[in-house]
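# Tertiary structure, described
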2 protein chains.
Amino acid sequence: MSLLAVGSIAFDDLETPFGRREKVLGGSATYFSLSASRFHPVRLVAVVGDDFGPDQQVVFAGRAVDLQGLERKPGKCFHWKGVYGYDLNEAQTLETHLNVFAHFQPVIPDPFRQSPYLFLGNIDPVLQLEVLKQMGTPPRWVALDTMNYWIRGSRGALEAVLHRVDILLMNESETREFTGEHNLIKAYRRVQAIGPQILVVKRGEYGVCLLTPEGIFATPAFPLEDVYDPTGAGDTFAGGFLGFLASVGRTDIPALKKAALAGSVMASFTVERFGTERLENITEQDLRRRMKGFSDMIRVDEL
Amino acid sequence: MSLLAVGSIAFDDLETPFGRREKVLGGSATYFSLSASRFHPVRLVAVVGDDFGPDQQVVFAGRAVDLQGLERKPGKCFHWKGVYGYDLNEAQTLETHLNVFAHFQPVIPDPFRQSPYLFLGNIDPVLQLEVLKQMGTPPRWVALDTMNYWIRGSRGALEAVLHRVDILLMNESETREFTGEHNLIKAYRRVQAIGPQILVVKRGEYGVCLLTPEGIFATPAFPLEDVYDPTGAGDTFAGGFLGFLASVGRTDIPALKKAALAGSVMASFTVERFGTERLENITEQDLRRRMKGFSDMIRVDEL
């Protein structure tokens, strides 16, 4: 049993009102796999350049992350530079260098083609479709993340891949843009008509809203006093959420709710430090404690 | 046992993308008392003009709302005209006519001065302080709502009244403006230092966040497919929240959590129609069903 994840590995330059970091390991696949592997074994497919060395490789060591699908190309890793304002809600992108990522053609290693769970991270929907075609037995479920760039520029390809997707993850503003509906319940009906029966709307500091045929679930984010860097929060959430779902082998609403807590808790760790600093060092006890704290917070008892 | 509420009664002209209404009954005290009286008897103190007639009075008839403190003055009621954009998040005020409200000097009728629970609605903090001085035995708790207008223009008076307030309700942006802190936990510490030990941050479609000495509780809003008019949602929330708290006579965290659900559910009815249309016609069964639906939605069970 494994969760196959395809996405990007990058070096990021980050600046927030609380500090700055240069050339830290990032990218959607990095945050996703560090988070998901806390719950379920992950098989990673991504491309890196010559600058991805032992210092980066060690971040994945000793975790349930299979790097067999890591393709090494001459050149440099994807590089992103962003700055956040005081409200930490949205990054302003200062630089994007695709580097080796520009010609990424994901090749799924043979042993990975039977993976029961598949996460198509935020890459060109044409490539997401290519990955789907390489799968052997159809996965039990396919989850997909995307962004406004593809919604605006590759809508046809995006809809084509969404026909075969079960779980769609999107930011709230992207959900509204993609569906043309402000109201999330109306937006969900449009998504359902295209394919995905489970819509996960990521609302940043306001948490997430899950829409499913069985009903709706919304949960706030775990409240934190110190948020230093929101980079990777959405990918960390996706990792915890999908890793948990894979671990229980269910997608009914009780499982989805628990998975949303797992994802939210993992994301709350990520934003407490820069890059993957905190995510790399979560102990079992940290995780158990915060899961319990979060459950207690949102639980309403009879009086 | 009663909850004394001081606030405004108004006529509103409302326009949203889904329709318009003219001269509908509104004002913070109207929404508050219609909502709170579902849970606990309310004593209302407000001022109205000659245009408040039997058609308006009947809205309060047959409810646990004591109108002994309704002062009638020559002239017209407070009048507000506002328009909402497609996202329904914030109204643009087109007209405000204070009319009889301009010289409102709340006088608490003698039998009301022993009320155990007091809600100071969003009026001039100088008047809120006057009301407090008229109380006989100090109330068990005092709750206060305010807005950016008073935060900016009457900060001294506002802080003076807050010294004697237990529960502060504010919109999220107002909380940040008032405290100078973006982070709600940091904002809460500032509020605590001034007086109120319970801070209720209203986040519109994202629900509420309660901060207390015992811990934090955040809950999303009840998800609705059709939202027609958000006018009065915050006051309706305050009514359900404080009416429920008064009804149980407790302010510990389990009571506060349940109260937040009650307030959220009441607010969800208000926004489904224009003005008080829906709020006036909630049956016991409507209320019970939606309370259960909301509890079920936010509940996370063990797998």
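Structural data are supplied above this passage.
Scoring rules and cut-offs
Residues numbered from 1 in each chain as written. Chains lettered and ligands numbered in written order. Predicted model: local features only at pLDDT ≥ 70, side-chain atom pairs only at ≥ 80, totals over all residues. Pairing = 2+ DSSP bridges. Helix = DSSP H or I, 4+ residues; strand = E, 2+ residues; numbered from the N terminus. Axes fitted to C-alpha atoms, helices over the stretch in contact; angles between N-to-C directions. Least-squares fit on C-alpha atoms with pLDDT ≥ 70 in both. Contact = placed C-beta atoms within 7 Å. Buried ≥ 20, exposed ≤ 12 C-beta atoms within 10 Å, placed from the backbone. Arc of directions from axis to C-beta.

Let us look at the sheet that holds strand β6 (residues 78–84) of chain A. Residues and elements named next belong to chain A. Ordered by their spatial adjacency, 4 strands build an open sheet running β3-β2-β6-β7, and the pairing between neighbours is mixed. Both edges of this open sheet fall to β3 (19–26) and β7 (91–97), since each of them pairs with a single strand only. Taken pair by pair, the neighbouring strands of this sheet meet at an average axis angle of 15°, ignoring direction. Relative to β6, strand β2 (residues 10–16) runs parallel, the two sharing 6 bridges. Opposite Asp13, over in β6, you have Lys81 as the bridge partner.

Moving on: the relation of the copies chain B and chain A. At an RMSD of 0.0 Å, chain B and chain A line up after a rotation of 180° and a shift of 0.0 Å along the axis. Seen this way, the second copy is the image of the first under a two-fold rotation axis. Comparing interface residues between copies, 97% of those in chain B also sit at the interface in chain A, which points to an isologous, same-surface contact.

With that out of the way, let us pick up the sheet that holds strand β11 (residues 198–202) of chain A. Residue and element names in this part refer to chain A. Judged by pairing direction, the sheet is mixed, and its 9 strands sit side by side in the order β5-β4-β1-β8-β9-β10-β11-β12-β13 without closing on themselves. Edge positions in the open sheet fall to β5 (65–72) and β13 (215–219), since each of these has one partner strand only. Averaged over all pairs of adjacent strands, the angle between strand axes in this sheet comes to 15°, irrespective of strand direction. Alignment of strand β4 (residues 42–48) against β5, held across 6 bridges, turns out to be parallel. By the bridge assignment for β5, Ala46 is matched with Leu70. Sheet strands touched by helix α7 (residues 184–194): β10 (167–171), β11 and β12 (208–212). Its angle to β12, the strand with the most contacts, is close to 50°.

All names here are of chain B. Along helix α5 (residues 155–162), the positions that sit buried rather than exposed are Leu158, Val161 and Leu162. Along the axis of α5, the buried residues cluster in a sector spanning 100°; they form a single face. In the core, the buried residues of α5 are packed alongside α3 (125–134), β9 (141–145), α4 (148–153), β10 (167–171) and α7 (184–194).

Residue and element names in this part refer to chain B. Positionally, Ile9 belongs in the loop between β1 (3–6) and β2 (10–16). For the pair Ile9 and His79, spaced 70 residues apart in sequence, the C-alpha separation works out to 8.9 Å. In contact with Ile9, not counting residues within four places along its chain, are Gly27, Ala29, Thr30, Ala46, Val48, Phe52, Cys77 and Phe78.

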